[in-house]
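# Chain and residue survey
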Amino acid sequence: MTTNTAISVQSTFLRQQPVKMLIGGQWVESASGKTFATINPATTEVLAQVAEGESEDINRAVVAARKAFESGPWPKMTPSQRGRLLWKLADLLEAHAEEFAALETLDNGKPIKYAKGGDVPLTVDHFRYFAGWASKLEGETIPVSIPNMFTYTLREPLGVVGQIIPWNFPLQMASWKLAPALACGNTVVLKPAEQTPLTALRLGELICEAGFPDGAVNIVPGFGETAGAALAAHPDVDKIAFTGSTEVGRKIVEASAGNLKKVTLELGGKSPNIIFPDADLKYAVRGAMNAIFFNQGQVCTAGSRLFVHQSVYEQVVSGLAEYAQKMKIGAGIDPASDLGPLVSQEQLERVLGYVESGRHEGASVVTGGERVATQDLAGYFMRPTVFDGVQDEMRIAREEIFGPVVVALPFENVEEVAARANASIYGLAAGVWTSDVKIAHKMASTLKAGVVWVNTYNMFDAAAPFGGYKQSGYGREMGHAVLDAYTQTKTVWMGLR
């Protein structure tokens, strides 16, 4: 860890090298003694060495989680006690907000203004929201048609839950999974992404400080091929919750088949963002910019297919390109930066590969399309990119790029654009920009997507369900809908004779 990054985060957490994993309430090294480096993508410097979990570490964590679920103090806690622990965790996180924002920015690359103004406060809200649900999980009485029977249901936790989180929103995604699982009474083994393990591990320290029983939450950093695969296949894990690519999601489903564990998946997207001619173009163009360039385009819901009515197509594309050219590219820790680096060299090469594919297939780059490499910008920086002359069958219009690249596509009428928008293997999100309420409602009901934003984009709240259609996954995060993913229903029949 170099001096400048050490100054950026005044945290004793980063000074403890290597950063250990949390198993059974103890901070321990990996069973193998291996570590891996987590990199600052803005500078390519090593932030920290982190304990590298593998199958033995996953097994130790699962054993600890099972013990906590079956015989520890966790199952003896009342719902209100669980709720108070979640609320206390939110308070602790809020008290360390500056540290978490800086840590997230250094590890992921995102602009500090978004980590500070979005990621951390939304994470705090998420824990508080589900703290309230802990005491509101109710069964029901059922008036069955058989005489002399009293029949009712119980909502019970699943048991040990494995959770695998992505690198694009490491802290938020950890809360999306941890908060409802714990509120419902489950215990957890959490595997953060190997690119961005730091905020999840720092959160583990706050979990211990808040007073969660040993083993209720276990955090094992490591690589997907080893730690992630071992968690997905473990025979004593009752459920896997995964956020990541559709390709890996398929592997998770295959690995879960051994003991038929429950699975929820939030996977990839190629979201259509549709601008009608009656839209307020000033806000629609700015909205299109945020939809694709927020978080460097490393967002599963990114509005990467921009459908624009042909009558305003040139105006919108030129306006979007102008916005892109004005964005300040820089290290995320700089408060003035609008666009930080991509998360890794691998991701940068992937995105640039798609740009070359688009050019090769005949699309034209209106702006961007290249890496930014200067003495001051030594990391994985890329210019925001707008493509014109795109056909629906091109790879850049079909496949998830996961970077700051948008393809612009003209359309003529509602029926046409709805059909083209739905002609995708994905169905995570969609955007619609119009002043016509009839068009808004028609598109909202027609688009095959788990979330539809009208005259806005990328809005999230702990109370609003989120998830995908088709190969964007199944199950829902957030809102009361997620509680079904972390509980099971038991039916009780009592004979009254």
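Because the structure is predicted, anything quoted here is derived from the model rather than measured. Each chain carries its own residue numbering, running from 1 in the direction its sequence is written. Totals for whole chains, interfaces and linings use all residues, but because this is a predicted model, local features are given only for residues with pLDDT of at least 70 and pairs of side-chain atoms are given and counted only at 80 or more. The basis for the side-chain values is all heavy atoms of the structure; hydrogens and waters are excluded.

Relative placement of two packed helices is described by the angle separating their axes and the distance separating the axes. At a closest axis distance of 9 Å, the pairing of helix α7 (residues 170-183) and helix α8 (residues 198-210) adopts a crossing angle of 50 degrees. By the angle class used here, α7 and α8 are oblique. As for how α7 packs across α8, the hand of that crossing is right-handed. The residues of α8 that touch α7, namely those facing P170, L171, A174 and L178, are T199, L203 and I207. Residues are grouped as follows: Ala, Val, Leu, Ile, Met, Phe, Trp, Tyr, Cys and Pro are nonpolar; Asp, Glu, Lys and Arg are charged; all remaining types, including Gly, are polar. Per-class residue counts for the contact of α7 with α8 are six nonpolar, one polar and no charged. All axes here are fitted lines through C-alpha atoms, helices being fitted over the stretch that makes contact, and every angle between N-to-C directions spans 0 to 180 degrees. Segments assigned H or I by DSSP are reported as helices when at least four residues long, segments assigned E as strands when at least two residues long, and all are numbered from the N terminus. Under this scheme an angle from 65 to 115 degrees is roughly perpendicular, one under 35 degrees roughly parallel, and one over 145 degrees roughly antiparallel; angles in between are oblique. By convention the crossing between two helices is left-handed if the near helix lies anticlockwise of the far one by an angle smaller than a right angle, and right-handed if it lies clockwise. By the convention used here, residues are in contact when the closest approach between their heavy atoms is within 4.5 Å.

What follows covers the environment of A193. The topology assignment puts A193 in the loop between β8 (187-191) and α8. Its relative accessible area of 5% is what places A193 among the buried residues. The spacing of A193 and I165 is 28 residues in sequence and 6.0 Å in space, taken between C-alpha atoms. Burial classification: accessible surface area is computed with a 1.4 Å probe over protein chains only, and a residue below 20% of its type maximum counts as buried, one above 50% as exposed, and the rest as partly exposed.

So, on to the side chain of N40. Along the chain, N40 falls in strand β3 (residues 35-40). Here a polar contact is recorded for every N or O atom pair within 3.5 Å, except that within protein the pair must consist of a potential hydrogen donor and a potential acceptor, and residues adjacent in sequence are included only if both atoms are side-chain atoms. A polar atom in the side chain of N40 sits 2.9 Å from the backbone nitrogen of A42.

Taken together, the seven strands give an open sheet; going across it, the order is β14-β17-β18-β13-β12-β20-β21, and neighbouring strands pair in mixed fashion. Two strands lie at the open edges of the sheet, namely β14 (364-367) and β21 (451-454), each paired on one side alone. On average, each strand axis in the sheet is tilted by 25 degrees relative to the strand beside it, whichever way the strands run. Between any two strands, at least two bridges found by DSSP are needed for them to pair. Pairing between strand β12 (residues 272-275) and strand β20 (residues 429-433): three bridges, direction parallel. For I275, the partnering residue across the bridge sits in β20 and is W433.

Where nonpolar side chains cluster on the molecular surface, the patch consists of I146, M149 and W493 and spans about 300 Å² of accessible area. Its place among the elements puts I146 in the loop between β5 (141-142) and β6 (149-157). Surface patches are drawn from residues lacking salt bridges whose relative accessible area is over 30%; two like charges belong together within 9 Å, two nonpolar side chains (Val, Leu, Ile, Met, Phe, Trp, Tyr) within 5 Å. Methods summary: accessible areas were calculated by the Shrake-Rupley approach with a probe of 1.4 Å, and residue burial reflects only the protein chains presented. For this document, the term salt bridge refers to a Lys or Arg side-chain nitrogen within 4 Å of an Asp or Glu carboxyl oxygen.

Our focus in this paragraph is the nonpolar core. Counting residues in each nonpolar core, the largest one holds 103 residues, and the members touching the most others are L178, I275 and F293. Note on terminology: a nonpolar core comprises buried Ala, Val, Leu, Ile, Met, Phe, Trp, Tyr and Cys residues joined through side-chain atoms within 4.5 Å. Y354, V417, A421 and A449 belong to the second-largest nonpolar core, a separate cluster that totals 31 residues.

Sheet architecture is open: three strands sit in the order β5-β6-β24, paired in antiparallel fashion. A single partner strand is all that each edge strand has here, and the edge strands are β5 and β24 (487-495). Inspection of the sheet shows β5 paired to β6 by two bridges, in the antiparallel sense. Along β6, the bridge assignment pairs I142 with T151.

Honestly, that's just the spatial picture; any functional story needs more than this.
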